[in-house]
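# Descriptive structure summary
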Amino acid sequence: MSGNIEKMVTQLQNPVDYALPIGDDHLPMNQFLDRTLALKYSGEIHCIACGAKTKKSFSQGYCYRCSQRLAQCDMCIVKPETCHYHLGTCREPEWGEQHCMIPHYVYLANSSGLKVGITRSSQVPTRWIDQGAVQAMPILKVQTRRQSGLMEVAIRQYVTDKTNWRAMLKGDTADIDLGQARDTLLEQIGDEIRAVNKEFGEGSVEVVDEPAVGITYPVLAYPTKIKSFNLDKDPEASGTLQGIKGQYLMFDTGVINLRKYTGYHLTVQAG
């Protein structure tokens, strides 16, 4: 099967179910566990927004022109506290209304240890799965992306917002009492919550009391050493598929982050 790929589509099952969008199809990936699998890069990349051929991918799948003009490629996507919609300078105000001026969750997750993150309500639990979290829970609900960024900044004083992807792929992450971590953090950022509610209106930040979600992945064996495939240097990644976690395929010969190659034209061959 050949075509341009996008990041894998997931469903929260036990274990997570994965499908790879390739061309016009969705290729079920769990079926390839313990089988030989080869991914071959043709050398072509097409922008996932406009479809134009591009020599280099920007912002995980865009051509340079789209990366400079689309709101979804702006810096505020990475740093939501810098959202400038309210200043009237959003690149695409209609896109901002649909994706940023809507409820978001601030959450805690355990992917390589405790971390904080944000996501639109429609992206739960997809966001957690994409990060390879084995546990996750929402702790705050806010009304806009900017507000979620302000809360994330406050929590980052005490908890990282990064995932150690190498540790995540080794599969030895210890369980965390996310409920206790939530309670501690909410006490620590009480002043910041009150400040956001004062600025944007009472109820802009709501405390969420929901149980943690446990997530398991289709993995037969975790790698002891992490070696990454780089399709830009070597156009083929192959081996026996031993597991899928986050957006990574784990072979007995190395690992590959498929999200990194969004827009790349690949051929997938199974043995």
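Described in the following lines is the structure provided in the data block.

### Side note on the layout of surface pockets
Quantified by volume, the largest pocket comes out at close to 1,800 Å³. Along the wall of the largest pocket there are 47 residues; nearest its centre are Gln60, Ile77, Arg127, Gln131 and Arg259. Those elements that place two or more of their residues in the lining of the largest pocket are β2 (9–11), α2 (75–78), α3 (93–99), β7 (114–120), α4 (126–130), α5 (145–155) and α6 (165–170). Among the elements that line the lining of the largest pocket, the one with the most residues is β7, at six residues. For the lining of the largest pocket, the class distribution of residues is 17 nonpolar, 15 polar and 15 charged.

### Thoughts on unusual backbone geometry
Here the residue pair Asn14 and Pro15 is connected by a cis peptide bond, since its omega of 5° sits within 30 degrees of zero. Examined against the element boundaries, Pro15 turns out to sit in the loop between β2 and β3 (17–22). Across the junction of Val124 and Pro125, the peptide omega takes the value 5°, indicating a cis bond. When you line up the elements, Pro125 lands in the loop between β7 and α4. Even without being glycine, Asp34 reaches a positive phi, approximately 70°. For Asp34, the location among the structural elements is in the loop between β4 (25–28) and β5 (36–45). Taking relative accessible area as the criterion, Asp34 reaches 57% and is therefore assigned exposed. A positive phi angle, close to 60°, is found at Gln60, a residue other than glycine. Tracing the backbone shows Gln60 in the loop between β5 and α1 (64–69).

The rules we used
- Sequence order as written defines the numbering, with residues in each chain counted from 1.
- A pLDDT threshold of at least 70 governs which residues receive local features in this predicted model, and a stricter bar of 80 or more applies before side-chain atom pairs are shown or counted, although totals over entire chains, interfaces and linings include all residues.
- To obtain the side-chain values, all non-hydrogen atoms of the structure were used and water was disregarded.
- The pocket and cavity definitions rest on a 1 Å grid over protein atoms only: a 1.4 Å probe that fits but cannot leave marks a cavity, an open set with protein on both sides within 12 Å along at least five of seven lines marks a pocket, and residues lining either have an atom within 4 Å of a point.
- Grid points are joined across faces, edges and corners, and a volume is the space filled by probe spheres set on the points.
- A run of H or I in DSSP becomes a helix once it reaches four residues, and a run of E becomes a strand once it reaches two; helices and strands are each numbered from the N terminus.
- Three classes are used, and their members are as follows: Ala, Val, Leu, Ile, Met, Phe, Trp, Tyr, Cys and Pro are nonpolar, Asp, Glu, Lys and Arg are charged, and the others, Gly among them, are polar.
- Residue exposure (1.4 Å probe, protein chains only): buried if accessible area is under 20% of the type maximum, exposed if over 50%, otherwise partly exposed.

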